[in-house]
Structures are given as structure tokens and as C-alpha cells.
There are 2 protein chains.
Amino acid sequence: MNDRKRLGRPRGFDYDEALKQATSVFWAKGYDGASLRDLTSAMGITGPSMYASFGDKRELYLKTIDHYIDADSCAPLEAFETEESIQAAIRGFLIEVIRYATEHESGAKGCFLASSVVTTVGQVEGVAERVAAAIEYAETRLAARFDREVARGTLPSDFPSRERAALLYDMRQGYMFRARAGWSREQMMKDIEARVHMLLSSD
Amino acid sequence: MNDRKRLGRPRGFDYDEALKQATSVFWAKGYDGASLRDLTSAMGITGPSMYASFGDKRELYLKTIDHYIDADSCAPLEAFETEESIQAAIRGFLIEVIRYATEHESGAKGCFLASSVVTTVGQVEGVAERVAAAIEYAETRLAARFDREVARGTLPSDFPSRERAALLYDMRQGYMFRARAGWSREQMMKDIEARVHMLLSSD
DNA sequence: TGTTTTATATATCGATCGATATATAATCAT
DNA sequence: ATGATTATATATCGATCGATATATAAAACA
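Here the residue numbering is sequential within each chain, running from 1 through the sequence in written order. All chains are assigned letters beginning at A, and all ligands numbers beginning at 1, according to the order in which they are written. With the structure being a predicted model, the display of local features is reserved for residues of pLDDT at least 70 and the display and counting of side-chain atom pairs for 80 or more, all residues being used for whole-chain, interface and lining totals.

Another point: the overall build of chain A. Only DSSP runs of H or I covering at least 4 residues are called helices, and only runs of E covering at least 2 are called strands; the numbering of each starts at the N terminus. Looking only at helices and strands, chain A features eleven helices and zero strands. Across chain A, helices and strands are ordered from the amino to the carboxyl terminus as α-α-α-α-α-α-α-α-α-α-α. Principal-axis analysis of the C-alpha atoms gives chain A an extent of 65 × 45 × 30 Å. In this scheme every C-beta is placed from the backbone, and a residue whose C-beta has 20 or more other C-beta atoms within 10 Å is buried, one with 12 or fewer is exposed, and one in between is partly exposed. Taking all 203 residues of chain A together, 40% fall into the buried category. Looking at chain A alone, contacts between residues at least 24 apart form 61% of all its contacts between residues at least 6 apart. Residue pairs qualify as contacts under a 7 Å threshold applied to their C-beta atoms, which are placed from the backbone.

What follows deals with the relation of the copies chain B and chain A. C-alpha atoms of residues with pLDDT of at least 70 in both copies form the basis for the least-squares superposition of the copies. Each copy of the sequence occupies a distinct position, and chain B is placed on chain A by a rotation of 180 degrees and an axial shift of 0.0 Å, giving an RMSD of 0.1 Å. This pairing of chains is accounted for by a two-fold axis.

To continue, consider the interface of chain B and chain A. With 36 residues of chain B at the interface, the matching set in chain A holds 36 residues. Of all the secondary-structure elements, those providing two or more residues to the side of chain B that touches chain A are α1 (15–29), α7 (112–115), α8 (127–152), α9 (161–180) and α11 (192–199) of chain B. Residue polarity is assigned by list, with Asp, Glu, Lys and Arg as charged and Ala, Val, Leu, Ile, Met, Phe, Trp, Tyr, Cys and Pro as nonpolar; anything else, Gly included, falls into the polar class. The residue inventory of the side of chain B that touches chain A, partitioned by class, reads 16 nonpolar, twelve polar and eight charged.

Right, let's get into the packing of α1 of chain B against helix α2 (residues 36–43) of chain B. Residues and elements named next belong to chain B. Two elements in contact, α1 and α2, have axes whose closest approach is 8 Å; the angle formed by their N-to-C orientations is 140 degrees. Viewed along their axes, α1 and α2 adopt a mutual orientation that is oblique. Every pair of crossing elements has a handedness; the one defined by α1 and α2 is right-handed. Between α1 and α2, the contacting residues are Ala18, Gln21, Ala22, Ser24, Val25 and Lys29 on the first element and Asp38, Leu39, Ala42 and Met43 on the second. The residue inventory of the contact of α1 with α2, partitioned by class, reads six nonpolar, two polar and two charged. In this analysis, axes come from line fits to C-alpha atoms, helices being fitted only over the stretch in contact, and the angle between any two N-to-C directions falls in the range 0 to 180 degrees. Relative orientations are named as follows: roughly parallel for angles under 35 degrees, roughly antiparallel for angles over 145 degrees, roughly perpendicular for angles from 65 to 115 degrees, and oblique for any other angle. Note on convention: near helix rotated counterclockwise from far helix by under a right angle means a left-handed crossing. Clockwise means right-handed.

Right, let's get into the protein's contact with DNA strand C. Taken together, 26 residues lie around DNA strand C, and Arg9 and Ser35 of chain A together with Gly8, Arg9 and Ser49 of chain B are the ones closest in. Counting residues per element, the ones that place at least two in the surface near DNA strand C are α2 (36–43) and α3 (47–54) of chain A together with α3 (47–54) of chain B. The leading source of residues in the surface near DNA strand C is α3 of chain B, at five residues. Being near a molecule or strand means, for a residue, that its backbone-placed C-beta atom lies within 6 Å of it.

The environment of DNA strand D is formed by 26 residues, the closest being Gly8, Arg9 and Ser49 of chain A together with Arg9 and Ser35 of chain B. Of all elements in the fold, only α3 of chain A together with α2 and α3 of chain B reach the threshold of two or more residues within the surface near DNA strand D. By residue number, the principal contributor to the surface near DNA strand D is α3 of chain A, which donates five residues. Along the lines of polarity and charge, the residues of the surface near DNA strand D split into ten nonpolar, nine polar and seven charged.

With that settled, the discussion passes to the environment of Glu59 of chain B. All names here are of chain B. Structurally, the position occupied by Glu59 is in helix α4 (residues 57–71). By the C-beta count within 10 Å, which is 12 here, Glu59 ends up exposed. Along the backbone, Glu59 and Glu125 are 66 residues apart, and their C-alpha atoms lie at a distance of 9.9 Å.

Residues and elements named next belong to chain A. Packing of helix α5 (residues 75–82) against helix α8 (residues 127–152) brings their axes to within 9 Å, and their N-to-C directions diverge by 15 degrees. In terms of orientation, α5 lies roughly parallel with respect to α8. Crossing geometry of α5 relative to α8 is assigned as left-handed. Mapping the contact onto sequence places Leu77, Phe80 and Glu81 in α5 and Ala138, Arg141, Leu142 and Arg145 in α8. Considering only residue class, the contact of α5 with α8 consists of four nonpolar, no polar and three charged.

Once that is clear, we can look at the environment of Phe13 of chain B. Residue and element names in this part refer to chain B. Mapped onto the elements of the fold, Phe13 is located in the segment before α1. Given 12 C-beta atoms within a 10 Å radius, Phe13 is considered exposed. The spacing of Phe13 and Gly44 is 31 residues in sequence and 7.8 Å in space, taken between C-alpha atoms. Ignoring sequence-local partners within four residues, the contact set of Phe13 consists of Ala18, Gly44 and Ile45.

Okay, α1 of chain B next. Working rule for helices: expected span equals 1.5 Å times residues minus one. The terminal C-alpha atoms of α1 of chain B, which comprises 15 residues, lie 21 Å apart, in line with the 21 Å expected from a rise of 1.5 Å per residue. Restricting attention to buried positions, one finds in α1 of chain B the residues Ala18, Gln21, Ala22, Thr23, Ser24, Val25, Phe26, Trp27, Ala28 and Lys29 of chain B.

As a further point, take α2 of chain B. Residues and elements named next belong to chain B. Turning to α2, its buried residues number three or more, namely Leu39, Thr40 and Met43. Viewed along the axis of α2, the buried residues span an arc of 90 degrees, placing them on a single side of the element. Buried residues in α2 make contact with α1 and α3. Immediately downstream of α2, the backbone of Gly44 shows phi near 75 degrees, a positive value. By construction, the arc corresponds to the directions joining the helix axis to the C-beta atoms.

In this section: the environment of Glu193 of chain B. All names here are of chain B. Its place among the elements puts Glu193 in helix α11. Classification of Glu193 by C-beta neighbours within 10 Å gives partly exposed; the count is 13. In this structure, the C-alpha to C-alpha distance between Glu193 and Ile90, residues 103 residues apart in sequence, is 9.4 Å.

Given below as C-alpha cells:
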């Protein structure tokens, strides 16, 4: 169906890279605060190219959200899934969350979804369901590892996986919010061990 | 110094009520998304009256944030401080948070700070320190009651009050985020009891 | 009553907004 | 080479943005 070579003049910029730059602008300035001039300037393309490749401003915005969910916020989840013990997994997740919240390459603090996109729910059609899906997706992956530990016998058979996954995700949201308010990495790293312990407590 | 009667024509609108309406508009549309026409229309005043009474758009925005922190988000904290037992206090706090997140009179979901203001950190001068102060204020009040319970002997002497207060606040942020994404009151009420228990766990 | 002071109402400012019409450039198909 | 197709560049559209100049209305002071 889709040949590698398409008809007509090929585009002179990298689609995903442009989307990434647009994400940074939306992240830093918000949906309405990001003007088309801000966006196209950061993307390195002209207005008409943006409209031709991405649709209008709203469609570009939704594409940045989808791209972000797919590609940008996975390090904590991957740490959670690959660390050897469940303790190390939780610790790794929280450390990566804090690192991400405070040291993102774009210079923005927090999380695109939690710090910017959340404002446009109810204002930009299509946003609410994407945010809800992102929560559901992350919690499912978190709960899955807890379930695997239960199956392996390293967690008790009545361990409330889904409940603890939700709590872990709430901790993530808390860190994102604090980072946005200017909290430092060091401030947030302090009670990680206590949180690891609490997330695994049986009683 | 300030006589009750001031010189000149008295203003024809209620200052705090206008501020409250402005808050709703900023909450629903964000800082840049809220136009002066949106704002003045909701406030029931004309443009020049807004500028005369509140300054410019940015100053109005900061005033809505201050007013919101002072007056609008206290129900959960008050429940936390007035309930008889510490268990009931935590339960009451979480229930009030969920109610607030899903049933605010303005129709907006979530929390003004967590769902809108957070986007404008780094964009509108004066916002970051206000958000940080709001976190600090809430956590201090939460930790204070834990400390009181320790003093009363209803919590162990090594109970980590500040740490648990922070976790309780993170739960709040999680609920606000979920509410913004469209989660229902019922969905969020499910694991309250488990959370009450976990927040008080000693081991 | 007249002066001063503050608030409101009308009208409108220049700047910027998102979006596009038009023309040109670069590729594939024939 | 020629036509079809897609991307880019320039210029600019009407609408709306935040903000204000001017004139009028309503109060306290003299």
C-alpha cells in the first residue's frame, strides 16, 4: 500500500523531531500560550508546512500528546519492569520519575501531561480521553509486575496489585507537581526508602 | 487610616465575588485561554473597571491564586483537623478531596492549582513561589495533626509525620489529576480504607 | 453649590492571533 | 522533456488579543 518513495517533493524536515520541538513549546507555554509563530519557529518550518503536515493547531497538539505518551515517559516504567527485585524496581521507578521531573532535556519541569495538558481538558476536544488512557496504561503496566511477583511467590497471594499500582502512580503525580513548583531532586529523594517499604507492607 | 467611606464613586460590584468568577474562567480556560472579554463578562464588569480595580491580566491572575489558596480549598484540611480519631481524619480528608475534585460549584474538575495554575509556572512571574507555598502550607497543617496524635500517644513516638503528610498530599494530587481526566467519585472512593490503613502503618 | 475624587461606559488602539491564497521548487510517472 | 503531485516560501487575511483615551456618573469634601 504505502511505498517508501512517495509522489511529489519530499518534506525537508524530520517529522518526529519537529513534533518533539512542538511538544517542548506546548509544554513550556501551554496550548493557548504557544503561538503558531512560536511553534513553527521551534520546529524549523514555515506555517504552511505545519498546516500541510500536521493539520491545524489542535491536531498538532493532539499529535504531540500521542507522541509523548508513546515515546517520552517510559524510563520509569522500564526501570520498574527490569530491575531484579521488586524493592529495586520501586526504587528505580521513583528515582527515574524524580530524575525525569527535574532534568528533562527540554528544560521543562514536571511532566507534559501533568503540568500542561491537564489544563486543556474540557477546552480542547480529544484531550481528556488521552489523559485517562495514559493513566490506565501506566497503572496496568505497574500492576502487571506486582502480579508477576505474586505469581513468583515474592509477594503474598493477597497483595493488592492494582491498589498499590495506583498509589505508586499518585506518588509520581506528586513528584511532578512538586518539581513544577521548583522542588529540587535532593528534596524529593529523601523519603524514597520509606515509600518503597510502605508500598510493600502487608499490614 | 482607612475610613469605611472612601472618597469618590463607590464600585458597583463585589470585589471578592468578581475574583471568584475570574478564578472559574482561568480554571476552565487557562491563563492565555482566558481572554479579557471572557473574564470581564463573567465578572460582570467592563474592561476599564477591571484594570482600575485589579491591575492588568497578570495581576488579576495572581490575585485569583492568592484568593483561591486562602478561601477555596480548605474543606479537606478542616475535616482532617476536626475529625475525632486520626483514622477518621484521614478518611475525611480523602473523601473531601474527592468530593472537591469532582463536584466543585464552578463545574471545573480537579484543583485550580493542580489543573491550571501549574501550567503557567515559568511563564507568569510570581506563580512558582505561590504554588510552592501552597504545598508547604498544606503539608505543615497535615503534619501538625500527626504530631499532635504522637503527643497524645495515639501514634507511636517515631511516627514520621512529615513523610506521611507528604504522602497524603501526593494522594490528593493523584485524585485531582484523575478527576481532571474524567474519573468518577465512585471510582476513586474504592481504596480509601486501604489508604487510611497504609498511612498509619508502623511496619 | 461647586470642587475633587473615584468608578463606569463607550469606543477604539496597535499588535498579534490562527489560518490561507498564491507562486515557486522538487520529486515521481510517463 | 512533460505533466502530475507534493512541499516550501512569501505575503497577508479578518478576527481577536490585551490595554487605554475620553467622556460621563456618583460619591465625599469645601
